[in-house]
Amino acid sequence: MTPVITMTESNETYEKEKEVLINVSGIKPNTVTGFTYEIKKNGTSLSKESVLGLTKTITLNETGMYEVVVTVTDNHGHTNTMSKTYKIDHTKPSITVPENTVIKITEVTGYDLMTGVVVSDNVDQNPTIETIGSLSAILGEQTITYTVRDQAGNETTVNRKFTVVEAEGPILNFSNAGSSVWTKAQTITVTATDNSNL
């Protein structure tokens, strides 16, 4: 009877890191004392190793499609081979934001924080985006923090600066101005109003 091999199951979705546990054993009265394994990445052989013992843990933590092939032979020449595939994504997603976004104070309410934001990932077509902070109707600089995360758990964080400015300059109102009658002197009252009420 052929010796037994057990391995960590293949992953259907990409993971940031994968520990692959290999165990081998013989079927009595046959025995095994070791095994060999080969690691292939994207179809190319990376390494081959002989193990003296019945167990081995391999850590995969670089981006790529891996295949681990295990071969074991018992003391009577019975051989068994098993292979499993693993998807690893250790690459952080990319996010770009404008260097400084200037918005009018009247535009703060309802402003879409995703305006001007570009996100991409080597594997995940729809990485999640989280924001920390919110815009306030206060003149000056404000900061919003963006974190983009892919399905494997890789993430990138950036800060975006906003500058909130007045919507318009103050409005001047003139009383008693524009008379068509010539006068020696006339008093004109000037008042100013501002749309931001500041």
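Residues numbered from 1 in each chain as written. Predicted model: local features only at pLDDT ≥ 70, side-chain atom pairs only at ≥ 80, totals over all residues. Heavy atoms only, no water.

K.L.:
Hey, could you run me through the overall build of the protein in this one?
P.N.:
Scanning the protein for helices and strands turns up zero helices and 15 strands. Out of the 198 residues in the protein, the part that is buried amounts to 29%. Taking as baseline every contact in the protein between residues at least 6 positions apart, the subset at least 24 positions apart corresponds to 55%. Summed over all atoms, the accessible surface of the protein reaches about 12300 Å², with 51% contributed by carbon and sulfur. (Helix = DSSP H or I, 4+ residues; strand = E, 2+ residues; numbered from the N terminus. Buried < 20%, exposed > 50% of the residue type's maximum accessible area, 1.4 Å probe, protein only. Contact = heavy atoms within 4.5 Å. Areas by Shrake-Rupley, 256 points an atom, 1.4 Å probe, with all protein chains shown as cover.)

K.L.:
I tried to follow the sheet that holds strand E6 (residues 64–73) on my own but got confused; where do I start?
P.N.:
Ordered in space as E4-E3-E6-E7, the four strands form an open sheet in which the pairing is antiparallel. The two strands at the open ends of the sheet, each matched to only one other strand, are strand E4 (44–52) and strand E7 (79–88). The sheet shows a mean angle of 15° between the axes of neighbouring strands, direction not considered. (Pairing = 2+ DSSP bridges. Axes fitted to C-alpha atoms, helices over the stretch in contact; angles between N-to-C directions.)

K.L.:
Any chance you could explain the pattern of salt bridges here in plain terms?
P.N.:
Charged atoms that come close allow side chains of opposite charge to pair. Per the counting criterion, the structure on display carries seven salt bridges. For the salt bridge of Glu 155 with Arg 149, the shortest nitrogen-to-oxygen distance reads 2.9 Å. Accessibility expressed as a relative area gives 24% for Arg 149, which makes it partly exposed. Through salt bridges that share partners, Glu 130, Arg 149 and Glu 155 make up one connected network. (Salt bridge = Lys/Arg side-chain N within 4 Å of Asp/Glu carboxyl O.)

K.L.:
Help me out: how do you make sense of the sheet that holds strand E5 (residues 55–60) in this one?
P.N.:
Two strands in a sheet stick together by hydrogen bonds in their backbones, pointing the same way (parallel) or opposite ways (antiparallel). Strand order in the open sheet made by the three strands is E1-E2-E5, with antiparallel pairing throughout. One side of each edge strand has no neighbouring strand; the edge strands of this open sheet are strand E1 (4–7) and E5. Neighbour to neighbour, the strand axes of the sheet diverge by 15° on average, direction disregarded.

K.L.:
Quick question: what am I supposed to make of the pairing of strand E12 (residues 140–149) here?
P.N.:
With five bridges connecting them, strand E11 (residues 128–132) and E12 associate as antiparallel partners. Along E12, the bridge assignment pairs Ile 129 with Val 148. Pairing of E12 with strand E13 (residues 155–165) involves ten bridges; the strand directions are antiparallel. Residue Ile 144 lies in a different strand from E13, and its bridge partner there is Arg 160. The antiparallel hairpin formed by E12 and E13 contains five residues in its connecting segment, where Gly 153 sits at a positive phi of about 100°.

K.L.:
Got a minute to help me understand the packing of aromatic side chains in this structure?
P.N.:
The description of an aromatic ring pair uses the distance of the two centres, along with the angle that the planes make with each other. Counting across every chain of the model gives one aromatic pair. Consider the rings of Tyr 111 and Phe 162, whose centres lie 5.8 Å apart with planes at 85°: the pair is edge-to-face. Placement of Tyr 111 in the loop between strand E9 (100–104) and strand E10 (118–120) and of Phe 162 in strand E13 is noted, with a sequence separation of 51 residues between them. (Phe/Tyr/Trp six-rings, centres within 6.5 Å; stacked < 30°, edge-to-face > 60°.)

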